[in-house]
Structures are given as C-alpha cells and as structure tokens.
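A structural walkthrough
What follows is each chain in one-letter form.
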Amino acid sequence: MEEQEQKAIKLDDSWLKHLESEFQSDYMKKLRTFLVNEKHQGKEIFPPGNEYFNALNTTPLNKVKLVIIGQDPYHGPGQAHGLCFSVRPGVPVPPSLRNMYKELARELDFTPVPHGCLVPWAEQGVLLLNAVLTVECHKAASHRGQGWEQFTDKVISLVNDYTENTVFLLWGSYAQKKGAIIDRNRHLVLEAPHPSPLSANRGFFGCDHFIKANEYLSEKGKKEINWQLPEEYYL
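What counts, and at which threshold
Residues numbered from 1 in each chain as written. Predicted model: local features only at pLDDT ≥ 70, side-chain atom pairs only at ≥ 80, totals over all residues. Heavy atoms only, no water. 1 Å grid on protein atoms, 1.4 Å probe; cavity = no way out; pocket = protein on both sides within 12 Å on 5 of 7 lines; lining within 4 Å. Points joined across faces, edges and corners; volume = space filled by probe spheres on them. Helix = DSSP H or I, 4+ residues; strand = E, 2+ residues; numbered from the N terminus. Nonpolar A, V, L, I, M, F, W, Y, C, P; charged D, E, K, R; others polar. Pairing = 2+ DSSP bridges. Axes fitted to C-alpha atoms, helices over the stretch in contact; angles between N-to-C directions. Contact = heavy atoms within 4.5 Å. Core = buried A, V, L, I, M, F, W, Y, C linked by side-chain atoms within 4.5 Å. Buried < 20%, exposed > 50% of the residue type's maximum accessible area, 1.4 Å probe, protein only. Arc of directions from axis to C-beta.

Our focus in this paragraph is the layout of surface pockets. Considered as a void within the structure, the largest pocket measures approximately 560 Å³ in volume. Surrounding the largest pocket, 32 residues form its lining, Q71, D72, F85, S96 and H194 being those nearest its centre. Within the residue set of the lining of the largest pocket, elements represented by two or more residues are α5 (95-107) and α8 (173-178). Class assignment of the residues belonging to the lining of the largest pocket gives a composition of 17 nonpolar, 13 polar and two charged.

Take the sheet that holds strand β5 (residues 167-171) next. Taken in spatial order, the four strands of this open sheet run β3-β2-β5-β6, and their pairing is parallel. Every interior strand has two partners, whereas the edge strands, β3 (126-130) and β6 (188-192), have only one. Across the sheet, the axes of successive neighbouring strands diverge by a mean angle of 20 degrees, strand direction being ignored. The pairing of strand β2 (residues 66-70) with β3 spans five bridges and is parallel. Counterpart to I68 in the pairing with β3 is L128. The sheet strands contacting helix α7 (residues 148-162) are β2, β3 and β5, and the helix crosses β3 at an angle near 155 degrees.

Once that is clear, we can look at the nonpolar core. One finds W15, L127, W148 and F151 to be the most contacted residues of the largest nonpolar core, which totals 68 residues. For this core, the element with the highest residue contribution is α7, accounting for six residues. If sequence neighbours within four positions are ignored, L127 has contacts with W15, A55, L56, T59, V64, L66, V67, I68, V155 and V159.

Turning next to helix α9 (residues 209-219). Those residues of α9 lying buried are H209, F210, A213, N214, Y216 and L217. Buried residues in α9, looked at end-on, bunch into an arc of 160 degrees, giving them a common side. At its buried positions, α9 is contacted by β2, α5, β5 and β6.

Next comes the structure, spelled out in structure tokens:
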C-alpha cells in the first residue's frame, strides 16, 4: 500500500467504522512498508492496489450472508481481482473453481459457465475472503506472514460478532483453522476438503454445502443464494 495507492483505496463504510483503527496499528504499518519495498524492487504485486479490498467493498458487512475463506490471491498475470476463487472475465477458469462448478451442477440446477468471475455471488452477500490479500507474481504464498492474516482475522471476527445466522464454508485445513473463532451456536459452519484437484475427491465432491447453505438461509428467513452465474460477465 504505497501512499498513492493508499489514498486510492476506498473501504465501504460498514467495514471502515470497525477497521479504521487497524490501519493505524503497528502490524499494518509494517505490512505497508513491506509492500512499498517490494514494489520499489520492481516486483509485480497482485491484485492492483485499488482491488486489495474488493471482497469487502463488493459485500458490505451488513449484507454478509455467507463466507467462503480462501488462502491467497491467484499469482498469474490478470487473474486476481480481490475475491477468493474468482478470476477476471476472459481468464481460464482455475481448477479449484471448475471443481466448485462440478459440485454445484451435482447438487443444484447449475450450468457451468465459461468464465470464473464470481462478482454476482459477492453482490448477493457471499463474502469471498482470502486470508492474505496480496501476492507476488508467479510466487504462491509469497506474502504470507506479513500481517494480512491478522487483518482478515479481524474481518472474520466482525462477521461473527455483527451478523446473525451466517453460513461459513470452510474448505481445507487452512480455512478451518482460520474459522476456529466462529460461534457455531449463532452461525452455520460447514467443513469439507479443499476443492483443489489434489483433495476434491476426498470429500469435497458430495459435500452438499451449496444446498445446505441455502436450506439454512431459508430456514432463517433469508433469501437463498442464486448460485447460477450468467453465461457472460464483464467488469
């Protein structure tokens, strides 16, 4: 977050009133310094600075109905745009997301689409949150341990504290550890292996999470998520 980028970042008020103090904290100052130094060394960082907080800006805190927790952004050029599992239109659908589409087609009347842009989910209240919000080009997990995890722990804590009857989909051990703070008496927590090709056959396929999520939301008087994505989508 270089000074210029930081000024360009706009955070939805529903989040900002709770997170403003985080930006003045020591860990966030260290994170900012780290990102500035990386850029000064000529390293390419994804997503662009004005998209670091896309998940929060697309899904305001008071609209959150369901949370999916990812690890860090895609590290290929043109892929990441601030929502976990989602890629920009025109980018090939990544393997984990293809498996999510397969499971959706098995569970529901879902037709897989040729793009991987999940903004329509986010606009319905699905918070697509990565634990780490930036990554260096072609270097997976390169920004882990720099402070983002503390920030996104705070985000999860806010959802836990300020929303009711929210669904958390925790896929893989990383997301499950990240979601350990969630109050399971007030929210529905569904756990399964990660949809990655390495683990999807160990229990992600057949988990029925998308059906179970909508059944729970309906029981609680909330509108179900329309998981079907449009055939074409443009940002």
